[in-house]
Amino acid sequence: MDKALLVSVELKTDKHHWRIEDISSELEELAVSAGVEVVENIISICDKATPNYLIGKGKVEEISSIVNEGVVDTVIFSHDLSGTQQRNLEAAFGKKTLDRTQLILDIFSRRAKSPEGKMQVELAQLQYLLPRLTGKGILLSRLGGGIGTRGPGEQKLELDRRKIRKKIDKLKEDLKTFRLHRLTTHKRRKNNHLPLVALVGYTSAGKSTLLNCLTESNQVTSEKLFTTLDPLSKSLQLPSGQNIIVSDTVGFLHELPHHLIEAFKATLEEARHADLLL
């Protein structure tokens, strides 16, 4: 199990409504959900991002001194890092350094079970990695296993940008086929007068537990975040005798990075086509 030091960053230039303590708490939940043992959670409050490290040089030195004690395998930031920032931080710490988006992608790669889910996660991973590739640089050095190496990392990323773009285009085309199939299913339900009820809410709020109670199904539940990534629909007969479909959806997350929405499309569409949101 990776031992991680978490760095929760608050930039005064950011516009959000969460306290830094809440951001720090959620980052820790995400790390635990990814199978990481959290060694320490440091808070860094900065006026604005620095181009080289995101955070100030003094805080970098403070984190380096903790990392040098030898109990940390990975440093995880709550804020997205540019390719330059990530390379500089890894050089300063001498340890693998990830950002929140990579952490979420790691969880997605564990949770996706269906072919469509796996494709969506791979698409999100490749789109994230493409602008960060620097020849045989930092991303290719992460192949020893552990958090942040699942998915395209296992292919050693020995692909040039042209091949990666080609792979992205192929994934988008393949996903269109799944989408058309889903639209056909929705039309069939409407023609059969089967209303769709979508369970929506924050991740780990209890949607899968509610689905199990309502439909007597055995969907896996967990206190970890994003237990459900692939949509799951079950039939239910109401006391009135009317038959409906109840669909479990992926959970919401505070400030979900926009470029990860692709990985949510399947379940988000369940909500979009629903007759009732619960």
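Small disclaimer: the values here were computed from a predicted structure and weren't measured.

(A) View of the nonpolar core. If you look at the biggest cluster of nonpolar residues, it comprises 21 residues, and the most contacted ones within it are L6, I76, L103, I104 and L260. Counting only elements with at least two residues in this core, the list comes to β1 (3-11), α1 (20-33), α4 (100-111) and α5 (115-129). Element by element, the count of residues in this core is highest for α4, at five residues. By size, the runner-up hydrophobic cluster in this structure holds 19 residues, among which are V9, I42, Y53 and I66.

(B) Inspection of the environment of F178 at higher detail. Structurally, F178 is set in helix α6 (residues 161-191). For F178, a relative accessible area of 28% corresponds to the partly exposed category. Sequence-distant contacts of F178, that is, excluding residues within four places in its chain, are made with P115, E116 and M119.

(C) Examining the sheet that holds β1 more closely. With parallel pairing, four strands are arranged side by side in an open sheet as β2-β1-β3-β4. Two strands lie at the open edges of the sheet, namely β2 (37-46) and β4 (96-99), each paired on one side alone. On average, each strand axis in the sheet is tilted by 20° relative to the strand beside it, whichever way the strands run. Both strand β3 (residues 74-77) and β4 contribute to a ladder of four bridges, which runs parallel. Its bridge partner being in β4, V75 is matched across the sheet by T97. Its contacts with the sheet place α1 against β1, β2 and β3, and it is angled at close to 150° to β1.

(D) A look at the pattern of salt bridges. For the structure on display, the rule yields 13 salt bridges. Put simply, D22 and R19 hold a salt bridge, and the shortest N to O gap is 3.3 Å. The class for D22 is partly exposed, based on a relative accessible area of 30%. Of the charged contacts in the structure, one is a salt bridge between E26 and R100, with a shortest N-O distance of 2.9 Å. With E26 in helix α1 and R100 in helix α4, the pair connects residues that are 74 residues apart, well separated along the chain. Here E26 falls in the buried class, since its relative accessible area comes to 5%. Bridged by salt links that share partners, the residues R19, E21 and D22 form one connected network.

(E) Summary view of the sheet that holds strand β6 (residues 232-237). What the four strands build is an open sheet, ordered β6-β7-β5-β8; its pairing is mixed. Two strands bound the open sheet, and with one partner strand each, they are β6 and β8 (276-277). Pairing analysis gives two bridges linking strand β5 (residues 196-199) to β8, with the strands arranged parallel. Bridge assignment links V197 to a residue of β8, and that residue is L276. Helix α7 (residues 207-215) rests against β5, β6 and β7 (243-248) of the sheet, and its axis sits at about 35° to β6.

(F) Quick peek at the side chain of D106. Looking at the secondary structure, you find D106 in helix α4. When its relative accessible area of 3% is taken as the criterion, D106 is described as buried. Among the polar contacts made by the side chain of D106, one reaches the side chain of R110 at a distance of 3.1 Å.

(G) Region of the structure containing the packing of α4 against α5. With their axes 10 Å apart at the nearest point, α4 and α5 run at an angle of 155° to one another. Comparing the axis directions of α4 and α5 gives the class roughly antiparallel. Relative to α5, the crossing made by α4 is left-handed. Here α4 contributes T101, Q102, L105, F108 and S109 to the contact with α5, which in turn contributes V121, A124, Q125 and Y128. Here the contact of α4 with α5 is built from residues that sort into five nonpolar, four polar and no charged.

What counts and what doesn't
- In this numbering scheme, every chain counts its residues from 1 along its sequence in written order.
- Only residues with pLDDT of at least 70 are given local features in this predicted model, and only at 80 or more are side-chain atom pairs given and counted; all residues enter the totals for whole chains, interfaces and linings.
- Side-chain measures were taken over the full set of non-hydrogen atoms in the model, leaving aside hydrogen atoms and water.
- The set of buried Ala, Val, Leu, Ile, Met, Phe, Trp, Tyr and Cys residues whose side-chain atoms join them within 4.5 Å is what this entry labels a nonpolar core.
- Under the scheme applied here, a residue whose accessible area is under 20% of the maximum for its type counts as buried, over 50% as exposed, and between as partly exposed, the area being computed with a 1.4 Å probe on protein chains only.
- Labels follow the DSSP assignment, with helices taken as runs of H or I lasting at least four residues and strands as runs of E lasting at least two, numbered in each case from the N terminus.
- Pairs of residues are marked as contacts when any of their non-hydrogen atoms sit within 4.5 Å.
- Strands are labelled as partners when DSSP assigns at least two bridges between them.
- Axis geometry follows a simple rule: fit a line to the C-alpha atoms, using only the stretch in contact for helices, then measure angles between N-to-C directions, giving values from 0 to 180 degrees.
- The term salt bridge refers to a side-chain nitrogen of Lys or Arg lying within 4 Å of a carboxyl oxygen of Asp or Glu.
- Definition of a polar contact: a pair of N or O atoms within 3.5 Å, with one able to donate and the other able to accept a hydrogen when the atoms are protein atoms, and with sequence-neighbouring residues admitted only if both atoms are side-chain atoms.
- Any angle that falls under 35 degrees is termed roughly parallel, while one over 145 is termed roughly antiparallel, one within 65 to 115 roughly perpendicular, and all others oblique.
- Note on convention: near helix rotated counterclockwise from far helix by under a right angle means a left-handed crossing. Clockwise means right-handed.
- The nonpolar class holds Ala, Val, Leu, Ile, Met, Phe, Trp, Tyr, Cys and Pro. Asp, Glu, Lys and Arg form the charged class, and all remaining residues, Gly among them, are polar.

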